[in-house]
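Chain and residue survey
Residues per chain are reported as follows:
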Amino acid sequence: MTDAQTPVRMAARGAARAGVRAGVRAGAAGAVLVAAHTAVNTRLWRRPPPARPVAERVSVLLPARDEAAMIGPCLAAVLAATGVRDLEVIVHDDASTDATADLVTAVAATDPRVVLQRGQGPPGGWLGKTHACARAAEAATGTVLVFVDADVTLAPDALARAVALLRDTGLDLVSPYPRQEAVGLAERLVQPLLQWSFLALLPLRAAERSPRPSLSAAGGQLLCVDAAAYRRAGGHSAVRAEVLEDIALLRAVKRAGGRGVVADGTRLAATRMYTGAAELRDGYAKSLWAAGGGRVAASAGQVGLLGWLFVLPAAAALRGSRAGLVGYLAGVAGRVVTARATGGRAWPDATAHPLSICALGWLTALSWWRHHRGTLSWKGRLLR
């Protein structure tokens, strides 16, 4: 290295360090804004009113494949619903290989409100869940359709409160988000990001008024929709190949002139979405590639933005950056606010928020890798 080159390289290094510091400050500022938005959003979040008797017919639609371990408690909770005088429950068994259909048959033999459909699996162009939901909805006679996943346990007043929320708000679709039970380390690291993502990043009141597809969030675990609006939107036939069928259904409702939004279902239902690290990995891998609209660049941009806001400041804080520390604490604060609003565990889980974002990035990359290789699968089926 010549004497003439040394000042140039030193200047370049200085500029690089200054750029990193500026990036940390900007990321920290963004994290503070996101935390503030989270606090406001949790105050504005739609919450179900107290239960009151439901005068209309309610159809609970339950898609199930290999759910023998879950279907019994789920059905028992649905049938114990209070305040719903006119209730029908349609279970579509999606070619289960276990005792799911037998268990439902036993319940139907003692309760005429339960109807079992025996499916043979989805035809070409459909995914299993969308096909099961569509077939159940075709047979439904209620003015309100409530889609419930088999791993969800409803509170006794859940159906009545969900219908009241739908009617009181004048919305066409509401998705009361259940309390998420996270047990193992992997579940506690990743699962809280679900509710945090829409509470932190989506302006919920604007989303329910806006027809923009990008301003949509819904959860298929518990979804309550006006039957007429559902059919105007094309139902699940309109989203037959969508792996994120819940969000796609809300977008279809919006395209048909309707409105909808994700709501607080913390006191209405509970679910343990995935059991263990392997199931969680495969569950997220099957769908995260679609979260960016099915575009690699969009997915990379989303992960990069989250890394800039919540990982870069935390890394800088470890090196003594005060701005980085502020950004890290803002990320933790947003997670604490979300946990308290959704019945989740705040401490010490929220302190690992940067690691949660890193785990999300890894799962997104894995999802794209499997998508490109054609190896995405769920419930024993390849997802084409």
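It should be noted that the structure appears before, not after, this text.
A short tour of the structure in this document, coming up. (Residues numbered from 1 in each chain as written. Predicted model: local features only at pLDDT ≥ 70, side-chain atom pairs only at ≥ 80, totals over all residues. Heavy atoms only, no water.)

**Notes on the nonpolar core**
Condition: What makes a nonpolar core is a set of buried Ala, Val, Leu, Ile, Met, Phe, Trp, Tyr and Cys residues whose side-chain atoms join them at distances within 4.5 Å. Buried residues are those whose accessible area, probed at 1.4 Å on protein chains only, stays under 20% of the maximum for their type, while exposed residues exceed 50% and partly exposed ones sit between those limits. Residue contacts are defined here by distance: any two heavy atoms, one from each residue, within 4.5 Å place the two residues in contact.
Counting 50 residues, the largest nonpolar core has V60, V89, V146 and L154 as its most contacted members. Residues contacting V89, with those up to four places away along its chain left out, are V60, L75, V78, L79, R113, V114 and V115.

**Thoughts on helix α11 (residues 277-285)**
For an α-helix the count is 3.6 residues per turn, leaving residues at separations of three or four pointing the same way. Cut-off, in case you're wondering: Helix and strand definitions here come from DSSP, where helices need a minimum of 4 consecutive H or I residues and strands a minimum of 2 consecutive E residues; each element is numbered from the N-terminal end.
Among all positions of α11, only L280, G283, Y284 and A285 are buried. Check the buried side of α11 and you find it contacts α6 (185-190), α7 (192-201), α14 (353-373) and β9 (377-378).

**So, the packing of helix α12 (residues 296-318) against helix α13 (residues 322-342)**
Here is the rule we go by: Simply put, an axis is a line fit to the C-alpha atoms, just over the touching stretch for a helix, and the angle between two N-to-C directions goes from 0 to 180 degrees. For this classification, under 35 degrees means roughly parallel, over 145 means roughly antiparallel, 65 to 115 means roughly perpendicular, and everything else is oblique. It is the rotation of the near helix from the far one that decides the hand of a crossing: anticlockwise by less than a right angle makes it left-handed, clockwise makes it right-handed.
As a packed pair, α12 and α13 sit with axes 7 Å apart at the nearest point and diverge in direction by 130°. Here α13 runs oblique to α12, going by the angle between their axes. For the pair α12 and α13, the sense of crossing is left-handed. Every residue of α13 that contacts α12 at F310, P313, A314, A316 and A317 is listed here: G324, L325, G327, Y328 and G331.

**Quick look at the pattern of salt bridges**
Applicable threshold: Here a salt bridge means any side-chain nitrogen of Lys or Arg lying within 4 Å of a carboxyl oxygen belonging to Asp or Glu.
Applying the stated criterion across every chain yields a total of 20 salt bridges. Salt-bridge contacts for R167 lead to E56; the nearest nitrogen and oxygen are separated by 2.9 Å. Residue R167 is found in helix α5 (residues 158-169), and its partner E56 is found in the loop between α1 (5-44) and β1 (58-64); the two are separated by 111 residues along the sequence. Given the relative accessible area of 22%, E56 is considered partly exposed. Members of the salt-bridge network, linked through shared partners, are E56, R167 and D226.

Function-wise, these values are silent; they only describe arrangement.
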